Amino acid sequence: MASSFSDRPAGDLALIKRLQLELAGERAFQALVDLAGDRLRELLSADMVGIALLEPDRLLLSAPYLVEHGQRSCPAPWTPTGLGAQVLRTGKALGTGTHAGALPAGARPQPGSMLCAPVLSGMETIGFIAVARMPVRAFRPHDLRLVKAVAASLGVALDNAQPAGDAREYRKGTGLRDAELELIAGMQQGLDANLSLDAIVELVGAKLTEAFDANGVAVAWFDEESMQVTPVYVCEKGIRMPAIAPFTAQPTEANVRMLRERAPVVVNRVDPGKQGAVPGTKLPRSYMRTPVLAGERVIGLVTIDNFERADAFGDTDVRLLRVVAGAMGVALQTARLRDETHRLQEMVRRRSAELALVSKIQQAMAKEPEIEAITRFVGDSLWEGLGVPLLHIWWWNQDQDLDQIRLAYWNFGGEYGNPGMGYPVSDMGPCAPMVLVEQKSFVASNWAEHEALGLTCMPGTVRSRTVAAAPIVGLQRVLGLVIAEDDEREYAIDASALRTMEIVGALLGGALESARLRDPGWRPTSSPGSSATAF
């Protein structure tokens, strides 16, 4: 032991040895925890010392010892986060120059430096000791070794401690009943199952409805800047309510305190003269509300109502709600990170597919000199790549006829139309000049956007839900356009797909210019008697 702490003052080494002897001679659970915590505060002049131990279900942490700035507190069980979660996962002592969220946020401002060491029972990590100071980078390497030594000694002492009801008494002190702990464990197992954001809300709402029977439960997204509340789960007396319109939260004393302190609030006697019910809901006689946090940002609200009596909620109810909201906040952050990862992976996949499609078309163009064959190959490749029912390509010969476009390719569900059919540009509506003259692409993803763009359909055709168009651009002029449609799905063509259409339009434009250079008299052919369906 002495060699491990040879760079510490001799007085500190004597204190460590004395602590080991004291721990070895103590048998009571809480006395052991208090002794280790008090000695660390003394040795390191710490602003905060916390000893956190895993609950029997190993899903939540509880703090039998937490002292911040000389004030003892007993927080509700919480889900492991930050540096504490990392220590529990790795079983290794860690230090950081900044506060790392190992323990529940308490005093303001937060500490600037933290050390965290695992408490072991045999080979199993059962908790950790966290020590913090206000300044940043306030600890030295031997400080971390000291915390490790105390944590190791505490683990051995706890293994030898008399159970004699101490653990049961401590657990009782957290204020949570066995049934409530079981509820939290069940909810945490669900939140760990990689659920979507909507599924997390449904799970939390259902569990809280079960816990607070015959009352109201509401879960809502919250925008702190605008104070807008968007309810996503509302249940009153076991009955799921229909959708509630978003509304602005009122700056009541309870709401202001909740947002300022980032903590639950309880209103045990609602005054109907000062507070009205949210439209579509009833006014409760009492309620409690807590913020759902992502870091320090409030992203949601959870409200529990009681419609039958005032003074309905006690400290145990508040602690349960705080734990549930904390677990929900962690789960929502995880889900959002997972969704963002999936979104980025999908972007990479789409980009790779786009590059592969463009490469395939370029290789085909290098081998095939005939523009009709190239157009057919490009159309087939793009139709397959976009996954839309209808794709058509039109040529526009400005020198020959400004008001005529001619069909070059038509594929609707694998059925081909005959090329050559002409159609007046003037009948295409305001989108035609946008694409053919201004060289702008567009996508209309629903009928409201169709109306805004002035889109119409040709006689005898069915109106599509999604329409996108991109110009075919040659040497500083537009030579035609590519159109993709989906008659069943809204938002069937996204920005990535539209970009692919623009790239393909540029490739087709280059191929058409090359064909004209090889044969100056080449023109898009007309096919009299064509029965191709108009778009």
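Note: the structure precedes this text.
Overview of the structure. (Residues numbered from 1 in each chain as written. Predicted model: local features only at pLDDT ≥ 70, side-chain atom pairs only at ≥ 80, totals over all residues. Heavy atoms only, no water.)

## So, the nonpolar core
With 32 residues, the main nonpolar core has L40, I129, V131, V147, L154 and L158 as its most contacted residues. Residue assignment for this core shows that the elements contributing at least two residues are α1 (10-25), α2 (29-44), β1 (48-54), β2 (61-68), β5 (113-121), β6 (124-133) and α4 (141-160). (Core = buried A, V, L, I, M, F, W, Y, C linked by side-chain atoms within 4.5 Å. Buried < 20%, exposed > 50% of the residue type's maximum accessible area, 1.4 Å probe, protein only. Helix = DSSP H or I, 4+ residues; strand = E, 2+ residues; numbered from the N terminus.)

## Section: the pairing of strand β7 (residues 216-223)
Direction of pairing for β7 relative to strand β8 (residues 228-236): antiparallel, over a ladder of eight bridges. Counterpart to D223 in the pairing with β8 is Q228. Where β7 folds back on β8, the antiparallel hairpin that results is connected by four residues, among which M227 adopts a positive phi of roughly 65°. By the bridge criterion, six bridges tie β7 to strand β13 (residues 297-306) in an arrangement that is antiparallel. Within β13, the residue paired with A220 across the bridge is L301. (Pairing = 2+ DSSP bridges.)

## Some remarks on unusual backbone geometry
Although it is not a glycine, S45 sits at a positive phi angle of roughly 50°. Relative to the assigned elements, S45 resides in the loop between α2 and β1.

## Comments concerning the sheet that holds strand β4 (residues 94-96)
Read across the open sheet, the six strands follow the order β3-β2-β1-β6-β5-β4; overall the sheet is antiparallel. Looking at which strands have only one partner, the edges of the open sheet turn out to be β3 (71-72) and β4. Strand contacts of α2: β1, β2, β3 and β6, with the helix running at about 40° to β2, the strand carrying the most contacts. (Contact = heavy atoms within 4.5 Å. Axes fitted to C-alpha atoms, helices over the stretch in contact; angles between N-to-C directions.)

## Notes on helix α10 (residues 371-386)
Along its 16 residues, α10 runs 22 Å from first to last C-alpha, staying within 8% of the 22 Å computed at 1.5 Å per residue. Taken residue by residue, α10 has I371, I374, T375, V378, G379, S381, L382 and L386 as its buried positions. Buried residues in α10 make contact with α9 (315-367), β14 (390-396), β15 (404-412), β20 (478-486) and α13 (495-518). Directly beyond the C-terminal end of α10, a positive phi value near 70° is found at G387. (Expected span 1.5 Å × (residues − 1).)

Geometric values such as these leave the question of function open.
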